[in-house]
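Notes for the structure review
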Amino acid sequence: MLSGIGRVFAQPQIQQFDDRIMLDLQASRTPAQTDVMLFLSRTYKYGDIGVPAALLAGGIIRNDWKMRENSLYVASSTAISYGAMLLIKHLVKRRRPFVQNINIVPVYRAGSTSFPSGHAATTFSTAMAVSNAYPKWYVIAPAFLWAGSVSYSRMYLGVHYPSDVLAGAALGTGTALLLPLKR
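In this text, all values refer to a predicted model and were calculated from it rather than measured experimentally.

How each quantity is defined
Residues numbered from 1 in each chain as written. Predicted model: local features only at pLDDT ≥ 70, side-chain atom pairs only at ≥ 80, totals over all residues. Heavy atoms only, no water. Helix = DSSP H or I, 4+ residues; strand = E, 2+ residues; numbered from the N terminus. Buried < 20%, exposed > 50% of the residue type's maximum accessible area, 1.4 Å probe, protein only. Contact = heavy atoms within 4.5 Å. 1 Å grid on protein atoms, 1.4 Å probe; cavity = no way out; pocket = protein on both sides within 12 Å on 5 of 7 lines; lining within 4 Å. Points joined across faces, edges and corners; volume = space filled by probe spheres on them. Nonpolar A, V, L, I, M, F, W, Y, C, P; charged D, E, K, R; others polar.

**Observations concerning the environment of Ser81**
Checked against the element boundaries, Ser81 lands in helix H4 (residues 65-92). Judged by its relative accessible area of 0%, Ser81 is buried. Each C-alpha atom of the pair Ser81 and His119 lies 10 Å from the other, and the pair is 38 residues apart in sequence. Those residues in contact with Ser81 that lie beyond four places of it in its chain are Ala121, Ser125, Leu171, Gly172 and Thr175.

**Description of the layout of surface pockets**
In this structure, the largest pocket spans a volume of roughly 180 Å³. Forming the walls of the largest pocket are Tyr44, Lys45, Asp48, Ile49, Pro52, Ala75, Thr78, Ala79, Tyr82 and Thr122. Breaking the lining of the largest pocket down by element, the ones donating at least two residues are helix H3 (31-61) and H4. At five residues, the largest contribution of residues to the lining of the largest pocket is made by H3. Here the residues of the lining of the largest pocket sort into six nonpolar, two polar and two charged.

**With respect to the side chain of Ser151**
As for its position among the elements, Ser151 is in helix H7 (residues 137-156). When its relative accessible area of 3% is taken as the criterion, Ser151 is described as buried. Apart from the residues within four sequence positions on either side, Ser151 is in contact with Ala120, Thr123, Phe124 and Val165.

Here's what the structure looks like:
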């Protein structure tokens, strides 16, 4: 029954599109861009943990109950996205691009499985949740710029297909939208 899930994502057209994008990105890599992409890829931990931690600290310092509540909302959304992503990875078991296609050479060899992208899931969840809590352009724009940059870096580095990243972004965004936010 679950073996059919893997076949859905291995359809020739989707796979051809994914492979073509990965090979194009690989061909355009430069050392300077690769350094930036490695840096961006590593920032996911700081944003996913730092944003709710900063909201909590600010809420405690300012004695702001709403800010503390928002920290719990952002942290919960990200944690739920992370758990859902792990479950989906376990069920789908899509191989990494460099395992699936020997012509794709990664910057480094990531472990685990590929679908969906955990970096995309958690960063988009954090971005959507903080944007829901603080719906101002100066919160929304940087939050999604960060999430999009981290997600793009995963493809550039050769460790995730575009469809992995899109699914992760949808999962993270959906989690934040489905989780109730008290206004």
